[in-house]
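Residue-level structural notes
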Amino acid sequence: TEAGQVTLAQAEEIFRHGNDLVQYFRSGKMREVFRIGALGGLSKNLQLKILASALKDPSLEISLEVGDASVLLNRLVNYKLEAVLSDIPFPSSEAEPLTQIEIDAEPMCLVTRASKRGKQPKISDYLKSGVYLPAQSSPITSALIEQLNHEAKQFSVRGYIDDIAFLRLLALETDALIAIPKIGVKRELESGDLFLVHEFRKIRQSYFLIHRQKGKRHPILMRLSKG
């Protein structure tokens, strides 16, 4: 039952604090645990950016679980996690036990490792060989296709990839044109391993911090929601 799940979670928390107390007397330091989940396809750069303030806190122990949305949200409802990072908005209502905060929005861009050097690049030049896009069901993908139709008379979609890490690898290992949130290839663009063909300043991928509506919230949640 829900009451049983809450009781179990609280009991586990009591035992954990007991272990922490033993460690405190042994080392003189008490560490607080923050348990957060992240959808499997999220950019690792994005996760690092959002969790930066928590990672800098020496008194805080971070427990990050990566997985499927339904599994993570179930663990959140049952007090196994404090929050879940998602790029999919959660359809919350007053009847739902969960709510969300939009904590970031990153511009989409087109990247490739094969830059057309020696001339001013045009999107249409790159689109001739096709493009890989994010998940077909994503509103972001629909917005990208609409914009690309304005840039080229015709172009082919070589695939739809619902995984930022795999899109990044495609960009690094092939000569394909890739549509990806800019933060997902931040380091590769800075190092010159990838070439920025175009940045869609008005098409941005939103990211959300999902947490429980009621009950005690971990103090770090407020810091994360403020970036």
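Preceding this paragraph is the structure being described.
We now turn to the structure provided with this report. Everything numeric here is computed off the predicted structure, so don't read it as measured data. (Residues numbered from 1 in each chain as written. Predicted model: local features only at pLDDT ≥ 70, side-chain atom pairs only at ≥ 80, totals over all residues. Heavy atoms only, no water.)

Quick word on the nonpolar core
Ranked by size, the top nonpolar core spans 27 residues in total, and within it Ile36, Val84, Leu85, Leu209 and Leu224 carry the most contacts. Of all elements in the fold, only strand S1 (32–39), helix H2 (44–50), helix H4 (69–77), strand S3 (83–86), strand S4 (98–112), strand S8 (195–212) and helix H9 (220–225) reach the threshold of two or more residues within this core. Broken down by element, the residue count for this core peaks at four residues, all from S1. Within the second largest apolar cluster, 17 residues are counted, among which are Ile123, Leu133, Ala152 and Val197. (Core = buried A, V, L, I, M, F, W, Y, C linked by side-chain atoms within 4.5 Å. Buried < 20%, exposed > 50% of the residue type's maximum accessible area, 1.4 Å probe, protein only. Helix = DSSP H or I, 4+ residues; strand = E, 2+ residues; numbered from the N terminus.)

Things to note about the sheet that holds S4
Strand order in the open sheet formed by eight strands is S2-S1-S3-S8-S4-S7-S5-S6, with mixed pairing between adjacent strands. Two strands bound the open sheet, and with one partner strand each, they are strand S2 (60–67) and strand S6 (157–160). Mean inter-strand twist for the sheet, computed between neighbouring axes without regard to direction, equals 25°. Inspection of the sheet shows strand S5 (residues 131–133) paired to strand S7 (residues 177–181) by two bridges, in the parallel sense. Each residue of the ladder has a partner; that of tyrosine 132, found in S7, is isoleucine 178. On top of the sheet, helix H6 (residues 139–151) reaches S4, S5, S6, S7 and S8; it is set at about 165° to S8, its chief contact. (Pairing = 2+ DSSP bridges. Axes fitted to C-alpha atoms, helices over the stretch in contact; angles between N-to-C directions. Contact = heavy atoms within 4.5 Å.)

Notes on the packing of aromatic side chains
Taken as a whole and judged by the stated rule, the model has one aromatic pair. Where tyrosine 126 meets phenylalanine 195, the ring centres are 6.3 Å apart and the plane angle is 35°; that geometry is what we call tilted. With tyrosine 126 in helix H5 (residues 123–127) and phenylalanine 195 in strand S8, the pair connects residues that are 69 residues apart, well separated along the chain. Here tyrosine 126 falls in the buried class, since its relative accessible area comes to 5%. (Phe/Tyr/Trp six-rings, centres within 6.5 Å; stacked < 30°, edge-to-face > 60°.)

What to know about the pairing of S1
Where burial is concerned, most of S1 is hidden: six out of the eight residues are buried. In this sheet, S2 lies alongside S1 in parallel orientation, the contact comprising eight bridges. Its bridge partner being in S2, alanine 38 is matched across the sheet by valine 66.

So far we have only geometry, and geometry alone does not tell us how the molecule works.
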